[in-house]
Amino acid sequence: MFIKTNYHTHCTFCDGKNTAEEMAQRGAELGLGVLGFSSHAAWPFGTKWHLQPREYGTYLAEISRLKELYKGKMEILAGFEAEYIRGFALPEKSVYKEFKPDYLIGSVHYIFSENLKGAEVPPYFTVDGSTEELLGGIKNHFGGNAKKAVQTYFAFERDMVQSCDFDIIGHADLIRKRNGGLRFFDENDEWYRRELQETAKAIAQSGKVAEINTGGMSRAGLPSPYPSPYFLSLLKKYDVPLTLNSDSHEVRTLTDFFDAGMKAARDAGYDELWYLSAGSWKSQKIPL
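It should be emphasised that the depicted structure is a prediction, and the values quoted were computed from it without experimental measurement. (Residues numbered from 1 in each chain as written. Predicted model: local features only at pLDDT ≥ 70, side-chain atom pairs only at ≥ 80, totals over all residues. Heavy atoms only, no water.)

Draft legend 1. Quick peek at the nonpolar core. Phe37, Phe80, Tyr96, Ile111, Ile175, Leu235 and Leu242 are the most contacted members of the largest nonpolar core, which totals 76 residues. Tyr96 has contacts with Ala41, Ala42, Trp43, Tyr56, Phe80, Ala82, Leu90, Pro101 and Leu104, leaving out every residue within four places of it along the chain. By size, the runner-up hydrophobic cluster in this structure holds 8 residues, among which are Val34, Tyr103, Ile105 and Tyr275. (Core = buried A, V, L, I, M, F, W, Y, C linked by side-chain atoms within 4.5 Å. Buried < 20%, exposed > 50% of the residue type's maximum accessible area, 1.4 Å probe, protein only. Contact = heavy atoms within 4.5 Å.)

Right, dumping it as structure tokens:
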């Protein structure tokens, strides 16, 4: 029997729309075997869409309560989607050790130009934010050079996977979230494919698990999950283990496009996915 799991789950402790209890209830209704909560975290800092530092204890207490409530029905795990912002925040187990999370997802949302000095612009910008924020960030930090911005995103991601100790690599090509509408770079260009190749190698060398993330399909209208089909084929080439996640922010999308995610894995040559349960990773065959 295929055990349905999801480790990338947001709730009202960060920028989700439903409470943790509502997400857990929906997970049980959908037949999830394991549900992991992963509030956005940038310890010891926070923004309006992160778990606030004063809320860490409350968050963990609520997830602990739900663990007991669903014991024997559905395994619930307490994790964080921890930010990598160079010089500011790290998805590093030693940073989060006082909270004893069951796992960490490491993600790059923020990029910046390290040559930016004295400019009256925000020091970082998010690659998955609004169109205005993305275009403004490329203009202000990179002089409008979208190629340089994309290369910086993947350079930060490679630094993250090589230097930080965490479990799951979040949405490895998040930079393409707005590319369908803006077309600010060509995913078939040789320079872009080289970035993916180097990033896939770094991920493989790190020994971490990469996620197939269907959130871009359910919330941004992308035609395929993160990573893209070509990126997935590279991960397969280097034998990078995969897990399937929805990056859900509400009950409506908790297992959205899971069939598409499994098909993407099969199309890339995978015949198994990995899942975390009882403190260890296990593999299972992808159902046909």
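Now that the structure is up, let's keep going.
Draft legend 2. View of the packing of aromatic side chains. Per the counting criterion, the structure on display carries 25 aromatic pairs. Plain terms: the ring middles of Tyr56 and Phe80 are 5.4 Å apart, the flat faces sit at 35° to each other, and that makes the pair tilted. One end of the pair, Tyr56, is in helix α2 (residues 56-69); the other, Phe80, is in strand β3 (residues 75-83), with 24 residues separating them in the sequence. Note on accessibility: Tyr56 and Phe80 belong to one class, buried. Through a chain of ring-to-ring contacts, the aromatic side chains of Phe45, Trp49, Tyr84, Phe88, Tyr110, Phe112, Tyr124 and Phe156 assemble into a single cluster. Sitting over the face of the ring of Tyr230, Arg193 holds its NZ or CZ atom 3.9 Å from the ring centroid. Positioned above the aromatic ring of Phe166 is the side chain of Lys208, whose terminal nitrogen or guanidinium carbon lies 4.9 Å from the ring centre. (Phe/Tyr/Trp six-rings, centres within 6.5 Å; stacked < 30°, edge-to-face > 60°. Helix = DSSP H or I, 4+ residues; strand = E, 2+ residues; numbered from the N terminus. Lys NZ or Arg CZ within 6 Å of the ring centre and 35° of its normal.)

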